Amino acid sequence: MTHAIAQLAAVLATALFIFSLHWMNDPKTARRGVIAGVIGMLVAVGATWVQPEIVHHGWIVLAIVAGFIVGVPLSRVPLTAVPQRTALSHAFGGLAAGLVGTAEYFLGLGAGGVELTAFRMSAIVAEIILGFLTFTGSLMATGKLQEVPWIPQRPVTYPGQNVVNIGVLAIAVALGVLVVMHPAAAWSARAFLAIAGFALLFGVLLIIPIGGADMPTVISILNSYAGLSAVAMGFVLNNKLLVTAGALDGSSGLILSIIMCRAMNRSFTNVLFGAFGTVKAARAAGEQKAWKQETVEGAAQLLEQARLVAIIPGYGMAVAQAQHKVRELYDQLTKRGVSVKFAIHPVAGRMPGHMNVLLAEADIPYTALVEMDEINPEMLQCDVALVVGANDVVNPAARYAKDSPIYGMPIIDADKARTVLAIKRSKNPGFAGIDNELYVQDNTWMLFGDAKAVLGDLVKQLAGGSGLH
Ligand code: NAP
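Residues numbered from 1 in each chain as written. Predicted model: local features only at pLDDT ≥ 70, side-chain atom pairs only at ≥ 80, totals over all residues. Heavy atoms only, no water.

1. Structural notes on the site of the ligand
Neighbouring the ligand are 30 residues, the closest being Arg-350, Asn-391, Asp-392, Arg-425 and Ser-426. In this structure, a nitrogen atom belonging to the ligand sits 3.1 Å away from a main-chain N or O atom of Met-351. At 2.9 Å, a backbone N or O of Ala-451 approaches a nitrogen atom of the ligand. When isolated, the ligand has an accessible area of 930 Å², and the protein chains bury 97% of it. One can see that the ligand is located within the second largest pocket. It is helix α13 (residues 315-320) that contributes the most residues to the shell around the ligand, four residues altogether. In the shell around the ligand, the residues fall into 17 nonpolar, eight polar and five charged. (Near = heavy atom within 4 Å. Polar contact = N/O pair within 3.5 Å; in protein donor to acceptor, adjacent residues only side chain to side chain. Areas by Shrake-Rupley, 256 points an atom, 1.4 Å probe, with all protein chains shown as cover. 1 Å grid on protein atoms, 1.4 Å probe; cavity = no way out; pocket = protein on both sides within 12 Å on 5 of 7 lines; lining within 4 Å. Sits in = over half its atoms within 2 Å of the grid points. Helix = DSSP H or I, 4+ residues; strand = E, 2+ residues; numbered from the N terminus. Nonpolar A, V, L, I, M, F, W, Y, C, P; charged D, E, K, R; others polar.)

Below you can see the structure in the form of structure tokens.
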């Protein structure tokens, strides 16, 4: 009876996970997707707990309490820190898989343990290699994104690096084959621990040559590895739910990485081995041209007189938490009959959908959000392109500068609008660390300052209020 309930619960949880992913495709249904995922997880935990094999219930309670202690603070991190938070979750998932695989192997070696067949051993070896490399790789990614002082942000490269990396992985796999063939030989336990050691080392080596700007893509690839290690764990523990949930996790991570690579016009190999993100020295040509500044009054006038305004949000809007002010500006302008569209670049911000989430939080109608491919043909008719803390995603160098790290990345054609108003705090570059000629082109006017403050002033000006700084 319990077995039948567990089977049914597994099917229900899997269905909920699939619907959860499907609903997360669209901002309108994303909340429902999150709820479905949470319910699916509760069903999965409940179904596992009622298994007759579970006799020490205290351990489960302890694990749940530990999960809450770690999970509650993690849920409170600001949206801008979500990539590193996600990487940390993958690190925990990878560590869990690695430890479960290790425990299963040593239990199997002991008297009365489950027989270590070739299939079981293959699954255990796959689980620990993927689990442990995901653990250290994700920790490194978290450290780089969080800008931990002792983890270098820039890509660390040296001659023969790829040979060393592949060599370390190859040794781990070769030892794995030996252990699968002779799981109980006198040397096998030591070889097993060496595999774990090499996998941990490989995780670190895999991440050090990758620059900060590529970290979100790498996190998504690590998500995929964590999912695959969960699949292997499902085979080891004979838990079908883990197999299906892991497969969903693994494939969605892979699909997301592919989408992100396409949006940046990069290949997987380029992300993993290209050492992108090297901060280049500012180019002299960009430095010589003058930056022109506009006043809030002047900018408000330009916006008021426009027929079509394209607001292009970027990472700076997220940092400033300026989405509510953006909404107020949207209200002011639409009230005056100005048509306002939001130009959404697929990799604006620091995670896919970053801008959509923030704008949805400010209740901006989904219909006003226009994808890059759709808005670009309209940019020539656009009277004002208002860039709010975006930089790389509007950098025209991506079109022609072959030596630029963003070369080939499709951009929002802000430069084609009649007038460009750009809000940022300084003349500093964006995430890729390069100059942006958009800011110094003839029809661009800067509004220097924190995005929230500048937008607030614009709104006040449009509303006819006072108190500007
Ligand atoms: P960006 O190139 O990082 O530029 C953000 C700009 O915002 C900076 O120039 C900064 O200038 C400004 N800023 C920061 N805080 C601000 C504040 N409080 N008020 C006003 N401005 C502020 O951002 P982006 O144009 O959104 O481009 C995203 C980058 O991340 C791309 O290189 C993309 O490839 C990369 N990336 C994104 C994803 C993803 O999934 N979204 C994934 C992988 C890589 P100041 O410091 O002068 O203010």
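So, next bit.
2. Observations regarding the packing of aromatic side chains
If you walk through the whole model with that rule in mind, you get eight aromatic pairs. Look at Tyr-105 and Phe-106: their rings are 5.1 Å apart centre to centre, the planes differ by 75 degrees, and that puts the pair in the edge-to-face class. Judged by relative accessible area, Tyr-105 falls into the buried class, the value being 0%. Arranged with centres 5.9 Å apart and planes meeting at 35 degrees, the rings of Trp-291 and Phe-448 form a pair that is tilted. Taken together, the residues span a long stretch of sequence, with Trp-291 in the loop between α11 (284-288) and α12 (296-305) and Phe-448 in strand β6 (residues 444-448) at a distance of 157 residues. A relative accessible area of 25% places Phe-448 in the partly exposed class. Every member of this aromatic cluster is reached through a ring pair, and the members are Tyr-105, Phe-106 and Phe-192. (Phe/Tyr/Trp six-rings, centres within 6.5 Å; stacked < 30°, edge-to-face > 60°. Buried < 20%, exposed > 50% of the residue type's maximum accessible area, 1.4 Å probe, protein only.)

3. Remarks on the pairing of strand β1 (residues 308-313)
A large share of β1 lies buried, amounting to six of its six residues. A two-sided burial pattern is seen for β1, the buried positions comprising Leu-308, Ala-310 and Ile-312 on one face and Val-309, Ile-311 and Pro-313 on the other. Here β1 runs beside strand β4 (residues 384-388); their pairing, made up of five bridges, is parallel. If you follow Ile-312 over to β4, its bridge partner there is Val-387. (Pairing = 2+ DSSP bridges.)

4. So, the pattern of salt bridges
In the structure shown here, the tally under the stated rule is ten salt bridges. Residues Glu-378 and Lys-341 are paired through a salt bridge, measuring 2.9 Å at the closest nitrogen-oxygen approach. Of this pair, Glu-378 sits in the loop between α16 (372-375) and β4 while Lys-341 is found in strand β2 (residues 339-344), placing the two residues 37 residues apart along the sequence. Here Asp-413 makes a salt bridge to Lys-416, at a shortest N to O gap of 3.6 Å. Judged by its relative accessible area of 37%, Lys-416 is partly exposed. Linked by salt bridges that have partners in common, Arg-399, Asp-413, Asp-415 and Lys-416 make up one network. (Salt bridge = Lys/Arg side-chain N within 4 Å of Asp/Glu carboxyl O.)

5. Notes on the packing of helix α4 (residues 82-109) against helix α8 (residues 215-237)
Between α4 and α8, the shortest axis-to-axis distance is 9 Å and the interhelical angle comes to 25 degrees. In terms of orientation, α4 lies roughly parallel with respect to α8. In the packing of α4 onto α8, the handedness of the crossing is left-handed. Of α8, the residues touching α4 (which contributes Pro-83, Thr-86, Ala-87, His-90, Ala-96, Ala-97, Val-100 and Glu-104) are Ile-219, Leu-222, Asn-223, Ala-226, Ser-229, Met-233, Val-236 and Leu-237. (Axes fitted to C-alpha atoms, helices over the stretch in contact; angles between N-to-C directions. Parallel < 35°, antiparallel > 145°, perpendicular 65-115°, else oblique. Left-handed = near helix turned anticlockwise from the far one by under 90°. Contact = heavy atoms within 4.5 Å.)

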